[in-house]
Amino acid sequence: MSTNLIKIDKSAYGFLDFGAARVEKVSEDRQGDFGRYLEEGRHAGMGYLARNVDKRFDPAQLVPGAQSVLCFLAPYGQASGGVAGFAQGVDYHKVVKDRLFAVMSDLKAQFPAFEGRPFVDSAPVLERYWAVKAGLGFIGQNNFFISPEFGLRTIIGVILCNIPYERFVPHAPLTVTECGSCGACLRACPSGALRAPFELDARRCISYLTIESHEPLPEDLASLETRHGWRFGCEECMRACPWDKPLAPLPEFETHRQELKTMNDADWASLTAEDFETRFADSGLRRAGLDHLSKS
Ligand code: SF4
Ligand code: SF4
């Protein structure tokens, strides 16, 4: 292996894994799947997914001059208090982006011509697709990105940059490239949102309904009991997956764990908007809003 290849010390930034992919148009197959998802309305109220589709399918349109997609995996922990594992601390968008900025700053110091932009689930970027292209894992039938080494509990951070992907040390080849077909995720889905392998309908997905949607929940999922205790998120199709494994989470992902663990229905119901804003100012829980969270 050439000694000139760029090695990113992923663990120095708290990431579990790293890989680079070439910037190119997204495959026609993936474009077709995404198009069907939109046409069938399975993206529910996430209208932003239907915008900037050209950029989503071609990162060079999003960041002119980009030559590679650098992908990083940031670990999070278990769910607690009906709140998904990724939401037990500071908002993951900020946590992961801060760490990507640190990577970019070091690359800039090493290569003054380096230019890049970080993305964490907030722009038209198909993070899971690029993580697969970068050789980090595969997509499971439950639609999660799965790393055969690290499992499902990772946030994917992406940097689009102007260094060709061949300049980076390639990821070691995977020994497994698909999840198998045990079907446990489909059987575990309480709401029928995972209606077929790889086919998620957000209109029925408890995770979407309790995090992103600001509409009232469908009647049959309106109570905590019928949605299996999930207040913010849902991990049923993740927990059922044999690839799921516990990870040591980034410390910022854990900062609210203790209070979330001990808060009961009455605590949520009595929380004032002011208290909520103060106590959870840095948390992704604010995406759902207190109204949704306090409903049980
Ligand atoms: S997150 Fe929950 S509701 Fe959504 S597909 Fe998975 S199991 Fe079903
Ligand atoms: S539960 Fe089974 S079918 Fe579903 S993603 Fe995991 S391995 Fe694949």
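Residues numbered from 1 in each chain as written. Chains lettered and ligands numbered in written order. Predicted model: local features only at pLDDT ≥ 70, side-chain atom pairs only at ≥ 80, totals over all residues.

Trainee: Now, about the overall build of the protein: what can you tell me, with residues and values included?
Mentor: Scanning the protein from N- to C-terminus turns up twelve helices and eight strands. In terms of C-alpha radius of gyration, the protein reaches 19 Å, essentially the compact-globule figure of 19 Å for 296 residues. Seen along its three principal axes, the alpha-carbon backbone of the protein occupies a region of about 60 × 40 × 35 Å. A separation of at least 24 residues holds for 78% of the contacts in the protein among residues at least 6 apart in sequence. (Helix = DSSP H or I, 4+ residues; strand = E, 2+ residues; numbered from the N terminus. Rg over C-alpha atoms; globule rule 2.2 N^0.38 Å. Contact = placed C-beta atoms within 7 Å.)

Trainee: For the site of ligand 1, give the residues involved together with the corresponding values.
Mentor: Around ligand 1, the surrounding shell consists of A188, C189, S191, A193, L194, L200, C205, I206, S207, C234, E236 and C237. Here the shell around ligand 1 is composed, by residue class, of nine nonpolar, two polar and one charged. (Near = placed C-beta within 6 Å. Nonpolar A, V, L, I, M, F, W, Y, C, P; charged D, E, K, R; others polar.)

Trainee: Please set out the nonpolar core residue by residue, giving values where relevant.
Mentor: In this structure, V69, C71, V158 and L160 are the most contacted members of the largest nonpolar core, which totals 73 residues. Of all the secondary-structure elements, those providing two or more residues to this core are β1 (17-22), β2 (68-75), α4 (92-110), α5 (127-133), β5 (145-146), β6 (154-161), α7 (206-211) and α8 (236-239). The residues touching V158, leaving out its near neighbours within four places in the chain, are V69, L70, C71, F119, V125, E127 and W130. (Core = buried A, V, L, I, M, F, W, Y, C linked by C-beta atoms within 7 Å. Buried ≥ 20, exposed ≤ 12 C-beta atoms within 10 Å, placed from the backbone.)

Trainee: Give me the environment of A222: which residues, what numbers.
Mentor: Tracing the backbone through its elements, the reader meets A222 in the loop between α7 and α8. The exposure class of A222 is partly exposed, given the 14 C-beta atoms found within 10 Å. Measuring from C-alpha to C-alpha, the distance between A222 and G35 comes to 30 Å, with 187 residues separating the pair along the chain.

Trainee: Tell me about the site of ligand 2, residues and numbers included.
Mentor: Surveying the vicinity of ligand 2 reveals 14 residues, the closest of which are G140, C179, C182, C185 and C241. The residue inventory of the shell around ligand 2, partitioned by class, reads eight nonpolar, six polar and no charged.

Trainee: Outline α4, supporting the account with residue identities and numerical values.
Mentor: With 19 residues, α4 ought to run about 27 Å at 1.5 Å a step, and its terminal C-alpha atoms sit 27 Å apart, in line with that. Listed in full, the buried residues belonging to α4 are Y92, V95, V96, R99, L100 and V103. Buried residues in α4, looked at end-on, bunch into an arc of 125°, giving them a common side. Facing away from the buried surface of α4 by more than 90 degrees, the exposed residues are S105 and A109. On the buried face of α4, the contacting elements are β2, β3 (116-119) and β6. (Expected span 1.5 Å × (residues − 1). Arc of directions from axis to C-beta.)

Trainee: I'd like a rundown of unusual backbone geometry, residues and numbers included.
Mentor: A positive phi angle, near 50°, is found at A44, a position not held by glycine. For A44, the location among the structural elements is in the loop between α1 (28-39) and α2 (53-57). Taking the number of C-beta atoms within 10 Å as the measure of exposure, A44 has 18 and is therefore partly exposed. The backbone phi angle of N52 is positive, close to 55°, even though this residue is not glycine. For N52, the position within the fold is in the loop between α1 and α2. N52 gets classed as partly exposed once you count the C-beta atoms within 10 Å, which come to 14.

Trainee: I'd like a rundown of the sheet that holds β1, residues and numbers included.
Mentor: The strand order across the open sheet formed by four strands is β1-β2-β6-β3, and the pairing between neighbours is antiparallel. Sheet topology places β1 and β3 at the edges, where each strand pairs with a single neighbour. Going from strand to strand, the sheet's axes swing by 20° on average, the running direction of each strand aside. Pairing between β1 and β2: six bridges, direction antiparallel. Within β2, the residue paired with A21 across the bridge is V69. Across the sheet, α4 touches β2, β3 and β6, and the angle it forms with β6 is around 40°. (Pairing = 2+ DSSP bridges. Axes fitted to C-alpha atoms, helices over the stretch in contact; angles between N-to-C directions.)

Trainee: Break down the environment of Y92 for me, with residues and values.
Mentor: With respect to the helices, strands and loops of the structure, Y92 is situated in helix α4. For Y92 and S283, which are 191 residues apart along the polypeptide, the C-alpha to C-alpha distance reads 8.3 Å. The residues contacting Y92, other than those within four sequence positions of it, are F86, V120, I155, F253 and G284.

Trainee: An account of the environment of E199 is requested, with residue identities and associated values reported.
Mentor: You can see E199 is positioned in strand β8 (residues 199-200). Taking the number of C-beta atoms within 10 Å as the measure of exposure, E199 has 16 and is therefore partly exposed. Spatially, the C-alpha atom of E199 lies 44 Å from that of P112, the residues being 87 residues apart in sequence.

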